[in-house]
Amino acid sequence: MPALTKIRVRTLADLAGQLRYTPKKTLRTQIERAEALASEIEPSELYSVAWIVARVTGRDTKDTGEDVSVPGEALLSDLSALVERLCEAAHLEPDEVEAEALGVEELASRWGVSRRTIERYRRQGLIARRVRDADGKTRLLFRTGAVERFESRSKGRISKAASFTRIDPKTRKAIVRRAHRYKHSLGWSMNQAAERLAEKYGRTREGVRRVLLAHDRDADEPVFAPVRPGSREDGARALEMARLGVEPSEIAETIGRTTRAMRRAMLVDRLHRLLELEGAAPEHSRRQASDPGLALEHPLLTHGLGDTGETRLPEFVRRARESPPMPPQIERLFASGAGLLVRRALQARAEIDRHQPEATALDSVETDLLWAARLRVELLRPQWVVMLRVLDDRLGRPAEQVRAEELSRLLEAVFAAACHAAGAFDPERGGRLAARVALEADRAARAVLSDHPVGPQAEGRATPRLSQGGSITDWTRRVAPWQAWLEPDPRVPGVLDRLDEGQREILRLRYGLGPKPRTIAALAEELGVAASTVSRRVRGAVRAAIEVAGADSIRP
């Protein structure tokens, strides 16, 4: 008996529980409604719980005063599981589903995909009905209407999955044999051989490269000699120089390595940094996503990002006091988007070859993480007023009335706590981020004040005023641990408007300073140039920005 698919969205799980004692006739109607709903959902939109309940039950619900919404991607992910539970409650039998309904194996055969792919599609809006045979066995059936609606929405996805085939043992041997010939007759590298073999056998270059890597790891006589990676110290040093726009040949000369070895050292260091992030993502960000890219094209998640934070303390406090609250549906959108990006990054990171990491794969993971950080910044902007109110309560007077250095120390502590709260915030559990921020900020403030007490204002003495000065570091570049090496040099964002149009635009697109960040590969496709050309332009624009900012040297 297949286990019931888990419902992840709490509101849908609650609805399934409420409907389980509904009469069978009504349940069948609700099953029809829920199945039809799948074709109406747009993954990038938000849907109110009241609307969802009304569409499934056919009854309008009274406004409870809580503006709760569910992202379309999450709703699609759980609709099939909801229908399963409704079918189970109705004790649905096979003859109560149309005769043309397909089983899992039949549908997999129709589309030319595996059972696992069918299960993945069920998390993307493909609805199955759960029936119980006369002998008590349960199975899943897919009505033709549900199948055809999913086909019309997902033709490209199904075709791509159907065209995928694994490389069989015979082809693997042929690939290795030809690679050996290319290596010893032509002196080709693994990547050169993989490029030619991919074209010959109709495979991806990465797929062929993985075959060759797997062979060489197990073979007594590998085809290609392993490339000695540079030390992590070399990689870290090279990465810092690259962040300043230094050309690869100059970096290699500085650290005393060949350009190829230097690049390999950088790749290894980047991979290790990603692997060390294991504890940096909250548990809810590690859930299996149906298709993390579906819900990320909302305009709020792709535009208006990357603004720097105010560093002048008096102006910072004034702006924080005046910041308006974020509507709950927008808060959930940003939180869900950031969670999806972290989840996608962690999944892609797990697929990177630990021995031969590729720049393109690393860049994809890093760009998703940088984008997630941009969304966390927007989540935290309205929370500064909450943090200041926590400090007011702890201090017993407005935070502005303590000395600048004392307030800066307190702000650093409550900000770190707020970052932790934003990273752990799960919009699917309900509640608002402000409550979590207030709780953690209060704990942090209490700890700081216990070690560095701020005395009461002495009578007859002037009240300290922040207008006399004080500064803080730019908090927007410190909301996630990975920003330490993924952000551009801190001088770059402040001088964008002083660069020429081409330099300004490529930095904005690359680092998400306005629009969402782009990978090198995505930029190359958008601009119609080679990836190496994009990398060269980015480096040149970074050097120009640092020069405009008044740097004495681009060397570390």
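Heads up: the structure comes first, above all this text.
These numbers come from a predicted model, not from an experiment.

## Remarks on the environment of V131
Summarising the element assignment, V131 is placed in strand β4 (residues 129-132). Judged by its relative accessible area of 1%, V131 falls in the buried class. Taking the C-alpha atoms as reference points, V131 and H91, 40 residues apart in sequence, are found 7.1 Å from one another. Not counting residues within four places of it along the chain, the set of residues in contact with V131 comprises L92, E93, P94, V97, K137, T138, R139 and L141.

## Section: the nonpolar core
If you look at soluble globular proteins, the nonpolar side chains tend to sit buried side by side. If you look at the biggest cluster of nonpolar residues, it comprises 100 residues, and the most contacted ones within it are L391, L411, V479, W482 and L507. In terms of residue count, helix α20 (residues 404-424) provides more of this core than any other element does, 12 residues in total. Residues contacting V479, with those up to four places away along its chain left out, are A373, R376, V377, L380, F415 and C419. Judged by nonpolar contacts, the second largest core, of 34 residues, contains I7, L75, V83 and V97.

## Considerations on helix α19 (residues 384-395)
With 12 residues, α19 should cover 16 Å at 1.5 Å per step; its first-to-last C-alpha distance of 16 Å lies within 8% of that length. Counting buried positions along α19 yields 9 of 12 residues, so the element is predominantly enclosed. Taken residue by residue, α19 has W384, V385, V386, M387, L388, V390, L391, D392 and L395 as its buried positions. Buried residues along α19 sit against α16 (313-322), α18 (359-380), α20 and α21 (433-451). Backbone geometry just after α19 places G396 at a positive phi near 80°.

## Concerning the packing of helix α1 (residues 10-19) against helix α3 (residues 49-57)
Look at α1 against α3: their axes get within 11 Å of each other, and the N-to-C directions meet at 35°. The way α1 lies across α3 gives a crossing that is right-handed. Where α1 abuts α3, its residues T11, L12, L15 and L19 lie against V49, I52, V53, V56 and T57. Residue composition of the contact of α1 with α3, grouped by class: 7 nonpolar, 2 polar and no charged.

## Considerations on the side chain of R349
Residue placement: R349 occurs in helix α17 (residues 328-350). Given the relative accessible area of 9%, R349 is considered buried. Within the structure, R349 has its side chain in polar contact with the backbone oxygen of L274 (distance 2.8 Å).

## Structural notes on the sheet that holds β4
If you walk across this open sheet you meet the 3 strands as β3-β5-β4, and the pairing is antiparallel. With one partner strand each, in any of the chains shown, β3 (102-103) and β4 form the two edges of the open sheet. Pairing analysis gives 4 bridges linking β4 to strand β5 (residues 138-142), with the strands arranged antiparallel. For V131, the partnering residue across the bridge sits in β5 and is R139. This element, helix α4 (residues 72-90), spans β4 and β5 of the sheet and lies at about 25° to β4.

Cut-offs used in this document
Residues numbered from 1 in each chain as written. Predicted model: local features only at pLDDT ≥ 70, side-chain atom pairs only at ≥ 80, totals over all residues. Heavy atoms only, no water. Helix = DSSP H or I, 4+ residues; strand = E, 2+ residues; numbered from the N terminus. Buried < 20%, exposed > 50% of the residue type's maximum accessible area, 1.4 Å probe, protein only. Contact = heavy atoms within 4.5 Å. Core = buried A, V, L, I, M, F, W, Y, C linked by side-chain atoms within 4.5 Å. Expected span 1.5 Å × (residues − 1). Axes fitted to C-alpha atoms, helices over the stretch in contact; angles between N-to-C directions. Left-handed = near helix turned anticlockwise from the far one by under 90°. Nonpolar A, V, L, I, M, F, W, Y, C, P; charged D, E, K, R; others polar. Polar contact = N/O pair within 3.5 Å; in protein donor to acceptor, adjacent residues only side chain to side chain. Pairing = 2+ DSSP bridges.

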